[in-house]
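Here is how the chains run, residue by residue.
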Amino acid sequence: MDTFDNLTRYKIFLSVAECKSISKAAAQLYISQPAASVAIKKLEESLNTTLFVRKSKGVSLTEAGNILYRSAKQALHLLSDTENTLRSAKNTGYLRIAASNVLCKFFLMPYLKEFTHKYPDTDVSITCTSSSQACSMVEKCTVDLALVAKPETLGMGRYYSLGLIEYIFACTPAYRQKLNCPNARVFEYGNIMLLNKDNGSRTHIDNYYAKNNIVPAHILEINDMDLLIEFAKMGIGISCVVKQFVEQELSTFSLMELELQKPVPPREIGFLYNDVQPFNPNILKFINRSL
């Protein structure tokens, strides 16, 4: 029992030995000189030996003190190294993520920011690609996690839903007024701005057109959702955008949503991962940001 009681005194002992002064050690440890003196005295009493020779200007180690100093320093360094190893074991590792450009910027970033702050020693890699390619990468285990629109079949994958995203057609009130036609005919007269064809969102919109027999007369293809929003705000045409991304513009009336008789169906998005062994624990740490 005495050995464990002395653990709190060894740090004081080491500091006194290295400072060669009880008062300097006390100042270094932010404790009072009497408290440091009492700790050394109790340590000597418990070991039934003298550890220091008291001098007019400081102290020096006795032979027994030197023996204890070497052992205590080695033991406490080993304990400190073990603590650091245990701490880093919780934070080390890797996480490979795939996501489309759109989902990466607007949905992945909050997760990424919080995860890297909480686990700074974990190596994270991001691959920006199409949702279909991201799903394939999960299946082949070339990434651990993908942020994608929910695939029709999950196969061996597991899916964590983040909810639905809505697609709308939006333009400035001035552009809508300039068209001077019913909403049902805006696709005949307006410049319709869409993401390019290698994007999952574009495939979703093309399927909507086909199902509803819509053939836009003037299509402007753009490879970035931000540009779709900016071009719409400039009054160039009507952009198909995710509604969650333009809530501020809609609330300030810099953009307006076109009311269609048959709205574009929403899409479910979420995280797809493979429950393979050995399982990467960083997957669940990333998804469940509160962990």
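Look up a bit, the structure's there.
As the structure is a prediction and not an experimental result, all values here were calculated from the model.

Reading the values: rules and limits
- Residues numbered from 1 in each chain as written.
- Predicted model: local features only at pLDDT ≥ 70, side-chain atom pairs only at ≥ 80, totals over all residues.
- Heavy atoms only, no water.
- Buried < 20%, exposed > 50% of the residue type's maximum accessible area, 1.4 Å probe, protein only.
- Helix = DSSP H or I, 4+ residues; strand = E, 2+ residues; numbered from the N terminus.
- Arc of directions from axis to C-beta.
- Polar contact = N/O pair within 3.5 Å; in protein donor to acceptor, adjacent residues only side chain to side chain.
- Pairing = 2+ DSSP bridges.
- Axes fitted to C-alpha atoms, helices over the stretch in contact; angles between N-to-C directions.
- Contact = heavy atoms within 4.5 Å.
- Phe/Tyr/Trp six-rings, centres within 6.5 Å; stacked < 30°, edge-to-face > 60°.

Quick look at helix 11 (residues 225-233) now. Every buried residue of helix 11 is accounted for by Met225, Leu228, Ile229 and Ala232. The buried residues of helix 11 occupy an angular sector of 95° when the element is viewed end-on, so they sit on one face. Backbone nitrogen of Asp226 and a side-chain oxygen of the N-cap are separated by 2.9 Å at the start of helix 11; the cap is Asp224.

All right, on to the sheet that holds strand 12 (residues 267-274) then. Strand order in the open sheet made by the five strands is 4-3-5-12-6, with mixed pairing throughout. Each edge of the sheet is formed by a strand with only one pairing partner; in this case those strands are strand 4 (123-128) and strand 6 (157-165). Direction aside, neighbouring strands of the sheet carry axes that sit 20° apart on average. For strand 3 (residues 94-99) and strand 5 (residues 145-149), the ladder comprises three bridges, and the chain directions are parallel. Residue Ala98 lies in a different strand from strand 5, and its bridge partner there is Ala146. In the packing of helix 6 (residues 101-118) onto the sheet, the strands contacted are strand 3, strand 4, strand 5, strand 6 and strand 12, and the crossing angle to strand 4 comes to about 175°.

Now for helix 7 (residues 131-139). Because the α-helix completes a turn every 3.6 residues, residues three or four places apart line up on one side. Here helix 7 has its buried residues at Ser131, Ala134, Cys135, Met137 and Val138. Buried residues in helix 7, looked at end-on, bunch into an arc of 160°, giving them a common side. Every exposed residue of helix 7 that faces more than 90 degrees away from the buried side is listed here: Ser132 and Glu139. Turning to helix 7, the residues buried within the fold contact strand 3, helix 6, strand 4, strand 5 and strand 12.

Across all of its chains, the model carries 13 aromatic pairs by this definition. The interplanar angle of 90° and the centroid separation of 5.9 Å between the aromatic rings of Phe271 and Phe286 together place this pair among those described as edge-to-face. A residue pair is termed long-range when its members are at least 10 positions apart, and Phe271 in strand 12 and Phe286 in helix 13 (residues 282-287) qualify at 15 residues. For the pair shown, Phe271 and Phe286 are each scored as buried. Feature note: the residues Tyr111, Phe115, Tyr119, Phe271 and Phe286 constitute an aromatic cluster, connected by ring pairs.

Keep in mind these values describe shape, not function.
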